[in-house]
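# Fold and geometry: a report
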Amino acid sequence: MGFKSNGAGTDKPFKFLIYGRTGWIGGILGKLCEAQGIDYSYASGRLENRPSLENDIAAINPTHVFNAAGVTGRPNVDWCESHKVETIRTNVVGTLTLADVCREKGLVLINYATGCIFEYDSGHTLGSGIGFKEEDTPNFIGSFYSKTKAMVEELLKNYENVCTLRVRMPISSDLANPRNFITKITRYDKVVDIPNSMTILDELLPISIEMAKRNLTGIWNFTNPGVVSHNEILQMYKDYIDPNFTWKNFNLEEQAKVIIAPRSNNELDASKLNKEFPELLPIKESLIKYVFKPNQKTAAK
C-alpha cells in the first residue's frame, strides 16, 4: 500500500529529513544519500517537542522523513528498565508526535522499529521455519524496551502515512562498531546459541531508501530471509576474520543471571519484503557477501 505524499509527484526531486544524526542507522543513511546524490538534511528538533518538529519540516520542506532516533539504552536495553519515563518520552511520545506531524503535512515517515517484540511460541517453534508475520500480535513483553516498542507499533497502525520497519539484531560490515551484533557477541564472555532473524544493514538500508521512493507504508519485517544462530556467526568470524577465535556458550537460565531483562528470540517471516525486493539475500548469504568477505583476513576459502 502507498500513501499519496506531497513528494509523490515525479517532477519533485527527493529531499530526505533524517532524525537520528548521532545514531548508527542515521549515520549510515546520510552516507547512502550522499552516495546516491539524494538531497538530505539531519533534523535538529527533539522528537517529543512538537513545535521543533514542525520547524524542521518548515525549514527543510522534505519529501520524506526518516526516524532513526530512539532510546535503545547504553550499554544495552537493561538501561530502559531503570529509565522508564525517558524511554517512554522518546520511544512512545516522540515517535507518535513525529508520525502525527508528518501525517498533518502529508509526508511518508519511514520509521526504524524493532522485531524484538516476539518470541518463539507453540505456533512458531524454534527451528520450524514458521516465522511471525507482519499482522501477528506481539507476544514478547520481557523487557520494558520491547513493551514500549510493541505499544507504539500498535498505535502507528492507524497512521496510513507510516512505514514501520521491524529491524532485528542489526549487523553491518563495520566490525569496529560496538552496536554491531557481531562485535557485541565476539566481546561477550559467553553467548547463548539460538537461531534468530537478523538485519544486514549494508543490504537493507539501501532498500529502505527505495521503499521511501515507492511511498510504501504499513508494517514490514525488515530482516533477511531465514535465521542464523550465534554459533554459526562466530564460526564464520573464525573462518574469515580470526582463526584463533574461541568462544563459550551458556544456556538461557545462565544468561538470565547476568542480564536484567530477558531478550527476545524469534524468526520473522520476511516473505512480504522479499516479494517487493526479489533480490534480497538469505541471511547467511548476506552475512558472507556484505560482512565477512569485505572484512576477510584469512586465506581465501
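Refer to the preceding data block for the structure.
As a starting point, this report considers the structure included with it.

About the cut-offs
- In this numbering scheme, every chain counts its residues from 1 along its sequence in written order.
- Local features in this predicted model are restricted to residues whose pLDDT is 70 or higher, and side-chain atom pairs enter the listing and the counts only when it is 80 or higher, whereas totals over whole chains, interfaces and linings include all residues.
- Processing note: side-chain calculations cover all non-hydrogen atoms of the structure and skip hydrogens and water entirely.
- Secondary structure elements are defined from DSSP: runs of H or I of at least 4 residues count as helices, runs of E of at least 2 residues count as strands, and each element is numbered from the N terminus.
- Between the first and last residue of a helix there are one fewer steps than residues, each counted as 1.5 Å, and that sum is the expected span.
- The seven residues ending at a residue and the seven starting there each receive a fitted axis; the angle between those axes is the bend at that residue.
- Burial here depends on accessible area, computed with a 1.4 Å probe over protein chains only, as a share of the maximum for the residue type. Under 20% is buried, over 50% is exposed, and the range in between is partly exposed.
- Interaxial angle, 0 to 180 degrees, is taken between N-to-C directions of lines fitted to C-alpha atoms, where a helix line uses only the stretch in contact.
- Between 65 and 115 degrees an angle is taken as roughly perpendicular, under 35 as roughly parallel, over 145 as roughly antiparallel, and anywhere else as oblique.
- Crossing handedness is defined as follows: a turn of the near helix away from the far one that is anticlockwise and smaller than a right angle gives a left-handed crossing, while the clockwise case is right-handed.
- We call two residues contacting when some pair of their heavy atoms lies within 4.5 Å.
- Amino acid classes used here: Ala, Val, Leu, Ile, Met, Phe, Trp, Tyr, Cys and Pro are nonpolar; Asp, Glu, Lys and Arg are charged; the rest, including Gly, are polar.
- Only buried residues count toward a nonpolar core. Its members are Ala, Val, Leu, Ile, Met, Phe, Trp, Tyr and Cys residues joined through side-chain atoms within 4.5 Å.
- Each Phe, Tyr or Trp ring, with Trp reduced to its six-membered ring, pairs with another whose centre is within 6.5 Å; inter-plane angles below 30 degrees give stacked pairs, above 60 give edge-to-face pairs, and intermediate values give tilted ones.
- By salt bridge we mean one thing: a side-chain nitrogen of Lys or Arg within 4 Å of a carboxyl oxygen of Asp or Glu.
- Note on pairing: DSSP must find at least two bridges between two strands before they are called paired.

### Considerations on helix H4 (residues 84-104)
With 21 residues, H4 should reach 30 Å at 1.5 Å per residue; the first-to-last C-alpha distance of 29 Å fits that figure. Of all bends in H4, the biggest is about 30°, found at Gly94. Among the residues making up H4, those that are buried are Thr87, Thr90, Asn91, Val92, Gly94, Thr95, Leu96, Thr97, Leu98, Ala99, Val101 and Cys102. The first or second residue beyond H4 is Gly106, which carries a positive phi of 70°.

### Brief notes about the packing of H4 against helix H5 (residues 144-156)
Running from N to C, H4 and H5 cross one another at 20°; their axes reach a closest spacing of 10 Å. Relative to H5, H4 is oriented roughly parallel. By crossing handedness, the relation of H4 to H5 is classed as right-handed. Contacts from Lys84, Thr87, Ile88, Asn91, Val92, Thr95, Leu96 and Ala99 in H4 reach Phe144, Tyr145, Thr148, Lys149, Val152, Leu155 and Leu156 in H5. Here the residues of the contact of H4 with H5 are counted per class, giving 9 nonpolar, 4 polar and 2 charged.

### Section: the nonpolar core
Most often, soluble globular proteins keep nonpolar side chains buried together rather than apart. Membership of the largest hydrophobic core comes to 31 residues, with the highest contact counts inside it found for Tyr112, Met211, Phe222 and Leu273. Counting residues per element, the ones that place at least two in this core are strand E1 (15-19), helix H1 (24-36), strand E2 (39-42), strand E4 (108-114), strand E5 (162-167) and helix H7 (201-213). Top element by residues in this core is H7. It accounts for 7 residues. Those residues within four positions of Leu273 in sequence are excluded, and the remaining contacts are Leu204, Ile207, Met211, Trp220, Asn221, Phe222, Thr223 and Leu280. Judged by nonpolar contacts, the second largest core, of 21 residues, contains Phe181, Val191, Val228 and Leu234.

### A few points about the packing of helix H8 (residues 230-240) against helix H11 (residues 283-292)
Relative to each other, H8 and H11 sit at 35°, their axes nearing to 12 Å. Here H8 and H11 pass one another in a crossing that is right-handed. Residues Glu232, Ile233, Met236, Tyr237 and Tyr240 of H8 pack against Lys284, Leu287, Ile288 and Phe292 of H11. Looking at side-chain class alone, the contact of H8 with H11 contains 7 nonpolar, no polar and 2 charged residues.

### Observations regarding the packing of aromatic side chains
All chains considered together, the criterion is met by 7 aromatic pairs. Geometrically, the ring pair formed by Phe16 and Phe66 is tilted, given 4.7 Å between the ring centres and 55° between the ring planes. You can see Phe16 sitting in strand E1 and its partner Phe66 sitting in strand E3 (residues 64-67), a full 50 residues away along the chain. Taken as a pair, Phe16 and Phe66 share a single burial class, namely buried. Their ring planes at 25° and their centres at 5.9 Å tell us that Tyr240 and Phe292 sit as a pair that is stacked. Here Tyr240, found in helix H8, pairs with Phe292, found in helix H11; they are 52 residues apart in sequence, far enough to count as distant. On the accessibility criterion, Tyr240 (9% relative accessible area) is buried.

### Focus: the pattern of salt bridges
Taken as a whole, this structure holds 13 salt bridges when the rule is applied. Note that Glu210 and Arg214 form a salt bridge whose closest N and O atoms lie 3.0 Å from each other. Members of the salt-bridge network, linked through shared partners, are Arg50, Glu54, Asp100 and Glu104.

### Looking at the sheet that holds E3
Two strands in a sheet stick together by hydrogen bonds in their backbones, pointing the same way (parallel) or opposite ways (antiparallel). Here 6 strands make up an open sheet; going across it, the order is E2-E1-E3-E4-E5-E6 and the pairing parallel. Taken across any chain shown, the strands that pair with only one partner, and hence form the sheet edges, are E2 and strand E6 (218-221). Strand-to-strand twist across the sheet, computed as the mean angle between neighbouring axes with direction ignored, equals 20°. Here E4 pairs with E5 via 6 bridges, running parallel. Bridged to Ile110 within E5 is Cys163.

### As for the side chain of Ser172
Topologically, Ser172 is positioned in the loop between E5 and helix H6 (181-187). You can call Ser172 buried: its relative accessible area is 3%. With residues up to four places along the chain from it excluded, the contact list for Ser172 reads Trp24, Asn180, Leu201, Asp202 and Val291.

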